[in-house]
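# Coordinate inspection notes
Chain by chain, the residues:
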Amino acid sequence: MAASSWRERAGRARAAMLRLRERANATSLGRLVVKVTVAALGTLIIAVGVVLLPLPGPGWVIILSGLALLAMEFRWARRLLYFTREQLLRWTRLVREGSWLVRIVSVGGLLLVVGGALLLSLRMLA
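Description of the structure in this document. (Residues numbered from 1 in each chain as written. Predicted model: local features only at pLDDT ≥ 70, side-chain atom pairs only at ≥ 80, totals over all residues. Heavy atoms only, no water.)

Further remarks concern the packing of helix 4 (residues 75-97) against helix 5 (residues 100-125). Two elements in contact, helix 4 and helix 5, have axes whose closest approach is 7 Å; the angle formed by their N-to-C orientations is 125 degrees. One finds that helix 4 runs oblique with respect to helix 5. In this structure, helix 4 uses Trp-91, Leu-94, Val-95, Arg-96 and Glu-97 to contact helix 5, whose residues at the interface are Val-102, Arg-103 and Ser-106. Classifying every residue of the contact of helix 4 with helix 5 by side-chain character gives four nonpolar, one polar and three charged. (Axes fitted to C-alpha atoms, helices over the stretch in contact; angles between N-to-C directions. Helix = DSSP H or I, 4+ residues; strand = E, 2+ residues; numbered from the N terminus. Parallel < 35°, antiparallel > 145°, perpendicular 65-115°, else oblique. Contact = heavy atoms within 4.5 Å. Nonpolar A, V, L, I, M, F, W, Y, C, P; charged D, E, K, R; others polar.)

The biggest cluster of nonpolar side chains holds seven residues, and these are Val-34, Val-38, Leu-67, Leu-70, Ala-71, Phe-74 and Ala-77. Taken together, the elements giving at least two residues each to this core come down to helix 2 (28-52) and helix 3 (59-71). Ranked by the residues each element gives to this core, the list is headed by helix 3, at three residues. Residues in contact with Leu-70, not counting those within four places in the same chain, are Val-38, Ala-39, Gly-42, Thr-43, Ile-46, Trp-76 and Ala-77. (Core = buried A, V, L, I, M, F, W, Y, C linked by side-chain atoms within 4.5 Å. Buried < 20%, exposed > 50% of the residue type's maximum accessible area, 1.4 Å probe, protein only.)

This is the structure we're talking about:
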């Protein structure tokens, strides 16, 4: 019962947001406000992700979520998000289906990048 009430509330909130967006997009000024708001929020989220990149944490996830927000309004961001997704799928397929040498080099490179970022983070904090 609690799950259904949660789903109902989420559905009502989504419907309310869609109505609000439709109302905002009904006028040219509303469309401009929506575009400016999405651009500002998306850029801010990407900037936070870039700041968090050298630190251990979800920097790339935050950057991609900002890009996804921008993709709601801008075609260039949608194309960039699609390109990024395709490259990520290509890389994971290469690692998953590659030989043991490819896997060892990939994991080793990832560990070097993470270790370097951790070392730089510790030096910045010291």
